[in-house]
Amino acid sequence: MKKKKLVGIIHELTMGGAERMMVNILNHFSSNQDEVHLIIFHNIGTLKNLLDSSIIVHDLGGVSVKKGMAKCLKEIYKIEPNIIFSGIGHLNIALAPFIPIMKTILPKTYWISRETNIVSLQNQEEKYPKFFDFLYRNTYRNFDVIIAQSEDMRDDLKLNYPLTKSKIELINNPIDMEKIDSLSLKSIDYKFREDMVNLLSVGTLRKRKRHDLLLKAFKLLPENYTLTIVGSGLEEQNIKSLSKELKIDSRIYFEGHQTNPYPYMKRADILLLTSEHEGFPNVLLEANSLGTPVVAFDCKGGVTEIIEEGINGLSVKNGDIQALAKRVVEAIEFKFNELEVKESVRRRYSKEIIMRKYEDIFSTKEVCYV
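From a predicted model like this one, the values you see are computed outputs, not experimental measurements.

Draft legend 1. Structural detail: the overall build of the protein chain. Scanning the protein chain from N- to C-terminus turns up 16 helices and 13 strands. Here the protein chain has a C-alpha radius of gyration of 21 Å; the compact-globule value for 370 residues is 21 Å, and the two agree. The buried share among the 370 residues of the protein chain stands at 56%. Considering only intrachain contacts with a sequence separation of at least 6, the fraction spanning at least 24 residues in the protein chain is 71%. Accessible surface, the protein chain as shown: approximately 16600 Å² in total, 50% of it carbon and sulfur.

Here you go:
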């Protein structure tokens, strides 16, 4: 395979699924001896320390995506890449209107986006949902390939933004099981209680994650159940207040943001997810890769693709807290096979399997190599 010039574009490298995925993809292609660049609007975040040293970083100086778009396009022009890979929704749609113009200047550049949400649902959370729907319907097709992470995401794009239909490729998120396992062995200043059932939630504390429903379901569980919440966000104080209001705060432990959440995942009995909708929840795969089963609402966004009932976890009707509490108890009594839980990830989502799919996309015959 000939050497190619690849440019990844991201707003910043704080902890998040899209940001972690960008680092993983760029590192993978860097290891293939490709010339890899990263254009970053705001050069912050702990994930930047994980970038391979050979990756050429173009720092746009801490500007917003809107204010920095001209700088971004100028950097693309100077680099003259074969492939441009944009890895998060709001940045994809900001780039999309400019692609026809850039193609007149760089006609051999191949533009690839990776969508991170179920677009029609995400747009409803924006300040101007109709405007974002207009952009997706009329400009998203400017990309040469649009990568959807889940079947739900792909189907949503095809149904609600049909002009993109011919350009969608389904590629799930990869999991580097060996790396996660290694990180899970790190020591932490926290111990799960051996005399209790230890439940875990990992993720940003925001409304869409519906920690309020998680807490209400937890209240229905026996007194020997504890809940550890790893994450921070705008809803943190509301969640803490609710735990006190429900009189369950003595059994809930808030650990805040953790750069390495894997020791928690490895030691927990069950990982819980109660989101309204997802893109493709890596947290379920990560927990499973460590042998930890999951219980999750069957929300849109890949949950039912990931969970193999009775093998790596259990799913619950979305929003049903009574059913959630019942399924948690069932999961504890079920005694999942740790090796089967791990294998459910390895055979479907291992880094080796998924990265081969990215190589196929990035090696398309339409790409002109240097």
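Draft legend 2. The sheet that holds strand β11 (residues 270-273), seen in detail. On the basis of which strands lie adjacent, the open sheet formed by six strands has the order β10-β9-β8-β11-β12-β13 and parallel pairing. With partners counted over all chains shown, the strands left at the sheet margins are β10 (252-256) and β13 (313-316), one partner each. Between one strand axis and the next, the sheet turns by 20° as a mean value, whatever way the strands run. Here strand β8 (residues 197-202) runs beside β11; their pairing, made up of two bridges, is parallel. Bridge pairing in β11 links leucine 199 to isoleucine 270.

Draft legend 3. Seen up close, the side chain of asparagine 282. Within the secondary structure layout, asparagine 282 lies in helix α12 (residues 282-289). The exposure class assigned to asparagine 282 is buried, which follows from its relative accessible area of 12%. Asparagine 282 has contacts with Asn173 and Ile175, leaving out every residue within four places of it along the chain.

Draft legend 4. Region of interest: unusual backbone geometry. In this model, glutamate 80 sits at a positive phi of 55°, which is unusual for a non-glycine residue. Here glutamate 80 lies in the loop between α2 (65-79) and β4 (83-86). A positive phi angle is found at lysine 335, which is not glycine, with a value near 65°. Within the fold, lysine 335 resides in the loop between α14 (321-334) and α15 (338-349). For lysine 335, a relative accessible area of 67% translates into the label exposed.

Draft legend 5. Looking closely at the environment of lysine 158. Along the chain, the position of lysine 158 falls in helix α7 (residues 151-160). C-alpha separation for the pair lysine 158 and glutamate 223, spaced 65 residues apart in sequence, amounts to 46 Å. Ignoring any residue separated from it by four or fewer positions in sequence, one finds lysine 158 in contact with Lys165 and Ile168.

Draft legend 6. Layout of the pairing of β4. In β4, alternate side chains face the same way, and those of Ile83 and Phe85 on one face and Ile84 and Ser86 on the other are all buried. Bridging between strand β1 (residues 5-10) and β4 involves four bridges; their strand directions are parallel. Following the sheet pairing, glycine 8 is matched in β4 by phenylalanine 85. Of the strand pairs in this sheet, β4 and strand β5 (residues 110-114) are connected by four bridges, and their pairing is parallel. By the bridge assignment for β5, isoleucine 84 is matched with tryptophan 111.

Draft legend 7. Inspection of helix α1 (residues 17-31) at higher detail. The terminal C-alpha atoms of α1, which comprises 15 residues, lie 21 Å apart, in line with the 21 Å expected from a rise of 1.5 Å per residue. Of all 15 residues that make up α1, 12 are buried, and the element is covered over most of its length. Residues Ala18, Glu19, Arg20, Met21, Met22, Val23, Ile25, Leu26, Asn27, His28, Phe29 and Ser30 constitute the buried set of α1. Immediately downstream of α1, the backbone of glutamine 33 shows phi near 70°, a positive value.

Draft legend 8. Local environment of a nonpolar patch on the surface. A cluster of nonpolar residues, Tyr77, Phe98, Ile101 and Ile105, forms a patch on the protein surface that exposes about 380 Å² of accessible area. Mapped onto the elements, isoleucine 101 comes out in helix α4 (residues 99-105).

Basis of the calculations
Residues numbered from 1 in each chain as written. Predicted model: local features only at pLDDT ≥ 70, side-chain atom pairs only at ≥ 80, totals over all residues. Heavy atoms only, no water. Helix = DSSP H or I, 4+ residues; strand = E, 2+ residues; numbered from the N terminus. Rg over C-alpha atoms; globule rule 2.2 N^0.38 Å. Buried < 20%, exposed > 50% of the residue type's maximum accessible area, 1.4 Å probe, protein only. Contact = heavy atoms within 4.5 Å. Areas by Shrake-Rupley, 256 points an atom, 1.4 Å probe, with all protein chains shown as cover. Pairing = 2+ DSSP bridges. Axes fitted to C-alpha atoms, helices over the stretch in contact; angles between N-to-C directions. Expected span 1.5 Å × (residues − 1). Patch = residues over 30% accessible without salt bridge, like charges linked within 9 Å, V, L, I, M, F, W, Y side chains within 5 Å. Salt bridge = Lys/Arg side-chain N within 4 Å of Asp/Glu carboxyl O.

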